[in-house]
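# Understanding the architecture of this molecule
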Amino acid sequence: MEQAIIRVAQAIERAERILIITGAGLSADSGLPTYRGLGGLYNGRTAEGLPIETALSGPMLRRDPALCWKYLAELGKACLGARPNAAHFAIAELQRRKPGCWVLTQNIDGYHRAAGSPPQRLIEIHGELAPLYCQSCGAEDPQLAEHLSRPLPPKCRQCGGILRPPVVLFEEMLPEQAIDSLYAELRKGLAVVLSVGTSASFPYIVEPVLRTRQAGGFTAEINPTRTDLSDVVDVHLAGRALDVLPELVRHISGHGICK
Ligand SMILES: [Zn+2]
């Protein structure tokens, strides 16, 4: 493991353009449940007998906002009740040392930002849980915690419309701006892609890895279990992000800070 970590650290040290892709495994290390791991689900179905993907969908938010919000609120409470972990802080530190290092995350908890990742090099492809905004008048509402302790769904102070978080629900489109920034970075080329705690089934997760590999770049994965990417990447570090990332960053010297 140590040798493999050093190999990844050396590749990062040499590289300027780097992409770190993060998924649910990183937040799970902070104690957050994945949406499939929310409380009260039985075989992935809600108390109402629905698959969680249906309960947390755009159509459900329109049809039955209270039901959709019941599960959004669980995610919200979990996020508010946990904190970024050592892996988030290690990534932010790496971005400080490497001005060409970007983060692409599937997570909606906002922990990268909280840990100090610069927003201009952070692509939140599934959006974020806060701030809420009104679906009728567009007004923003920063009080997620307060709303979660009141009857759901939360309502707009200005017009009484139903509030929603700026997340991508199931059956909704990915944010255009996030997709645009990702593909703009991909076109410029990447020297290293590091996939952390994601099972990597979406094309926008797999594609940066495959493209970079084909172009002769270095690819690595940090995940305790094997994924579809494990056989594709140069190095698979089989461990938790929480343990591996701080160790990895310790092996990267500060050279190149002012590039
Ligand atoms: Zn409103």
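Residues numbered from 1 in each chain as written. Predicted model: local features only at pLDDT ≥ 70, side-chain atom pairs only at ≥ 80, totals over all residues. Heavy atoms only, no water.

What follows covers the overall build of the chain. In terms of regular secondary structure, the chain is built from eleven helices and nine strands. For 259 residues, the compact-globule formula gives about 18 Å, and the C-alpha radius of gyration of the chain, at 19 Å, lands near that figure. In terms of principal-axis extent, the alpha carbons of the chain reach across some 55 × 40 × 30 Å. A total of 259 residues make up the chain; the buried ones form 50% of that total. The distance from the centre of the 27 positive side-chain charges to the centre of the 27 negative ones in the chain is 2 Å. (Helix = DSSP H or I, 4+ residues; strand = E, 2+ residues; numbered from the N terminus. Rg over C-alpha atoms; globule rule 2.2 N^0.38 Å. Buried < 20%, exposed > 50% of the residue type's maximum accessible area, 1.4 Å probe, protein only. Lys, Arg positive; Asp, Glu negative; His and termini not counted. Charge placed at Lys NZ, Arg CZ, Asp CG, Glu CD.)

Looking now at helix α5 (residues 65–80). In this model, α5 (16 residues) spans 21 Å end to end at C-alpha, consistent with the 22 Å of a helix rising 1.5 Å per residue. Of all the residues in α5, the buried ones are P65, L67, C68, W69, Y71, L72, A73, L75, G76, A78 and C79. Those residues of α5 hidden inside the fold are in contact with α3 (52–55), α4 (58–63), α7 (111–115), β4 (132–134), α8 (144–148) and β6 (163–164). (Expected span 1.5 Å × (residues − 1). Contact = heavy atoms within 4.5 Å.)

Take the sheet that holds β6 next. Strands sit in the order β5-β4-β6 across an open sheet of three strands; the sheet is antiparallel. Every other strand in the sheet has two partners, leaving β5 (140–141) and β6 as the edge strands with one partner each. With two bridges joining them, β4 and β6 adopt antiparallel strand pairing. When the bridges of β6 are listed, Y133 appears paired with R164. (Pairing = 2+ DSSP bridges.)

The subject of this paragraph is the coordination of the zinc ion. Coordination angles at a metal have ideal targets, namely 109.5 degrees for four tetrahedral donors and 90 or 180 degrees for six octahedral donors. Here the zinc ion is held by C134 (SG), C137 (SG), C156 (SG) and C159 (SG), and the distances to it run 2.3 to 2.4 Å. Geometry at the zinc ion is tetrahedral, judged from its four donor atoms and the angles of 100 to 118 degrees they form at the metal. Read in sequence order, the donor residues for the zinc ion give the motif C-x2-C-x18-C-x2-C. Here C134, found in strand β4, pairs with C159, found in the loop between α8 and β6; they are 25 residues apart in sequence, far enough to count as distant. Classification of C159 as partly exposed rests on a relative accessible area of 42%. (Donors = N, O, S within 2.8 Å, 3.2 Å for Na, K, Ca; no water. Tetrahedral: all angles 85-135°; square planar, octahedral: opposite > 155°, others 65-115°.)

Below, the discussion takes up the domain arrangement of the chain. Looking at the assigned domains, one finds that the chain contains domain 1 (2–32 + 84–129 + 173–253) and domain 2 (35–81 + 130–164). One C-alpha centre belongs to domain 1, the other to domain 2, and the line joining them spans 28 Å. Counting each side, the surface lost to burial between domain 1 and domain 2 is near 550 Å², with a carbon and sulfur contribution of 65%. When the area that domain 1 buries against domain 2 is broken down by residue, the three leading residues are L32, Y111 and L129, summing to 80%. Our enumeration of links across domain 1 and domain 2 arrives at zero salt bridges. (Domains from an automatic or database assignment. Buried area = accessible area lost by both parts, 1.4 Å probe. Salt bridge = Lys/Arg side-chain N within 4 Å of Asp/Glu carboxyl O.)

Now for unusual backbone geometry. Here the residue pair A130 and P131 is connected by a cis peptide bond, since its omega of -5 degrees sits within 30 degrees of zero. By secondary structure assignment, the location of P131 is in the loop between β3 (122–124) and β4. Between L152 and P153 the backbone carries a cis peptide bond, its omega angle lying at 0 degrees. Considering the arrangement of structural elements, one finds P153 in the loop between α8 and β6. Its identity is not glycine, yet N43 carries a phi of approximately 55 degrees, on the positive side. With respect to the element layout, N43 can be found in the loop between α2 (24–28) and α3. One non-glycine residue, E171, lies in the positive phi region at around 70 degrees. Looking at the element boundaries, E171 is found in the loop between β6 and α9 (176–188). With relative accessibility at 64%, the residue E171 sits in the exposed group.

As a further point, take the side chain of H126. Summarising the element assignment, H126 is placed in the loop between β3 and β4. A polar side-chain atom of H126 sits 3.2 Å from the main-chain carbonyl oxygen of Q106. In contact with H126, not counting residues within four places along its chain, are T105, Q106, I108, P166, V167, V168, L174, F202 and Y204. (Polar contact = N/O pair within 3.5 Å; in protein donor to acceptor, adjacent residues only side chain to side chain.)

What follows covers the sheet that holds β3. Pairing is parallel in the open sheet, where six strands are placed in the order β3-β2-β1-β7-β8-β9. Looking at strand neighbours, the two that pair on one side only are β3 and β9 (235–237), the edges of this open sheet. Averaged over neighbouring strand pairs, the angle between their axes works out to 15 degrees when direction is ignored. Each of β1 (18–22) and β2 (101–105) is contacted by helix α6 (residues 86–97), which is oriented at about 145 degrees to β2, the strand it contacts most. Taken strand by strand, helix α11 (residues 241–250) contacts β7 (192–196), β8 (218–222) and β9, and its axis lies near 150 degrees from that of β7. (Axes fitted to C-alpha atoms, helices over the stretch in contact; angles between N-to-C directions.)

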